[in-house]
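Residues per chain are reported as follows:
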Amino acid sequence: MELRRTANAGVLLTLDDTKILLDGVSQEVKPYLATPPEEKVKLSSDWPDVVAFTHYHEDHCDSSYVKTYCQATGKPVYGTSQMTGMVCTDKTFTAGNVRLTAVSTRHMGHYGKTTIHRSYVVEGSRSIWFMGDASPSELKLLVEFPKPDVLIIPYPYVSTPAALKLLEPLLPCKIVLLHLPLQENDPDGVWQSVEPGLEYLKAYLYVPKMGEILNL
């Protein structure tokens, strides 16, 4: 499986000859980065087989790409009812040789009260759990699915001992950590907060840079 980081908290997966874009085009919400122009060009010249977003926040979703993708391909974009033009689903659907399931999960923090959020389970020759901004406690909702070979999560999952403990039953899966600002532009001290977790999970953890490709 190939994974390319294309956005602040999103990736393009290539699994079983199927290209899957998850939260893969984002706008800038400082200190978090927008999808670089060169990545947008790639994603618009070689269209993914399926595009899905966990929720409507701009650091996860670029609505202009949604419109362009739908017009160019005639395919739906999966998301939530708070996203204009999205196909809202809590069901399993297929894309190429891969099966995806959208699972209703609670957004972390105070946004959990107002934000409709979906995490995605991707199943093919590998099993991937893409959590978006779901609270770490929501991992318990996914136990009915195959244990993940790859778990894709935002930084709060490794920033506290309690969150790390929730990850332990899923090891030794490979963990991809997203939603991190640049280290040189980190006004909230995110990198400092995750340092103990990065050390604890170093045997399993990957922190890709924007545009970086991982073979997992």
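Scroll up to find the structure this text is about.
Residues numbered from 1 in each chain as written. Predicted model: local features only at pLDDT ≥ 70, side-chain atom pairs only at ≥ 80, totals over all residues. Heavy atoms only, no water.

1. What to know about the sheet that holds strand 13 (residues 205-206)
Link 1 in the chain: If you trace the 7 strands from one edge of the open sheet to the other, you get 7-8-9-10-11-12-13, paired in mixed fashion. In this open sheet, the two edge strands, each paired with only one partner strand, are strand 7 (92-95) and strand 13.
Link 2 in the chain: Across 4 bridges, strand 7 lies against strand 8 (residues 98-104) in antiparallel orientation. Bridge pairing in strand 8 places Thr94 opposite Arg99. (Pairing = 2+ DSSP bridges. Helix = DSSP H or I, 4+ residues; strand = E, 2+ residues; numbered from the N terminus.)

2. Topic: the nonpolar core
Note that soluble globular proteins tend to have their nonpolar side chains buried in a common cluster.
Link 1 in the chain: Membership of the largest hydrophobic core comes to 29 residues, with the highest contact counts inside it found for Trp129, Met131, Leu151, Ile153, Leu167 and Ile175.
Link 2 in the chain: Of all the secondary-structure elements, those providing two or more residues to this core are strand 11 (150-154), helix 3 (161-167), strand 12 (174-178) and helix 4 (190-200).
Link 3 in the chain: No other element matches the 4 residues that helix 4 contributes to this core.
Link 4 in the chain: Dropping the residues within four chain positions of it, Ile175 is found in contact with Leu151, Ile153, Leu167, Leu201, Tyr204, Leu205 and Tyr206.
Link 5 in the chain: By size, the runner-up hydrophobic cluster in this structure holds 25 residues, among which are Ile20, Leu22, Val98 and Phe130. (Core = buried A, V, L, I, M, F, W, Y, C linked by side-chain atoms within 4.5 Å. Buried < 20%, exposed > 50% of the residue type's maximum accessible area, 1.4 Å probe, protein only. Contact = heavy atoms within 4.5 Å.)

3. Some points on the pairing of strand 7
Link 1 in the chain: Residues Phe93 and Ala95 point to one face of strand 7 and are all buried, whereas Thr92 and Thr94, pointing to the other face, are not buried.
Link 2 in the chain: Hairpin geometry of strand 7 and strand 8 is characterised by an intervening segment of 2 residues between the two adjacent antiparallel strands and by a positive phi of about 60 degrees at Gly96.

4. Details of the environment of Thr18
Link 1 in the chain: Its location among the elements puts Thr18 in strand 3 (residues 18-22).
Link 2 in the chain: Residue Thr18 is classed as buried on the basis of its relative accessible area, which comes to 1%.
Link 3 in the chain: C-alpha separation for the pair Thr18 and Gly96, spaced 78 residues apart in sequence, amounts to 5.6 Å.
Link 4 in the chain: Excluding residues that lie within four positions of it along the chain, Thr18 makes contacts with Leu13, Asp49, Ala95, Gly96, Asn97 and Val98.
Link 5 in the chain: Within the structure, the side chain of Thr18 is placed 3.1 Å from the backbone nitrogen of Asn97, a separation counted as a polar contact. (Polar contact = N/O pair within 3.5 Å; in protein donor to acceptor, adjacent residues only side chain to side chain.)

5. Concerning unusual backbone geometry
Link 1 in the chain: Along the chain, Lys30 connects to Pro31 via a cis peptide bond; the corresponding omega equals 5 degrees.
Link 2 in the chain: In this fold, Pro31 is placed in the loop between strand 3 and helix 1 (37-45).
Link 3 in the chain: Cis geometry is adopted by the peptide bond preceding Pro172, which originates at Leu171 and carries an omega value of 15 degrees.
Link 4 in the chain: As for its placement among the helices and strands, Pro172 is situated in the loop between helix 3 and strand 12.
Link 5 in the chain: Positioned with a positive phi, Asp16 is a non-glycine residue whose angle comes to about 55 degrees.
Link 6 in the chain: Structurally, Asp16 is set in the loop between strand 2 (11-15) and strand 3.
Link 7 in the chain: For Asp17, which is not a glycine, the phi torsion comes out positive at approximately 65 degrees.
Link 8 in the chain: Relative to the helices and strands, Asp17 is located in the loop between strand 2 and strand 3.

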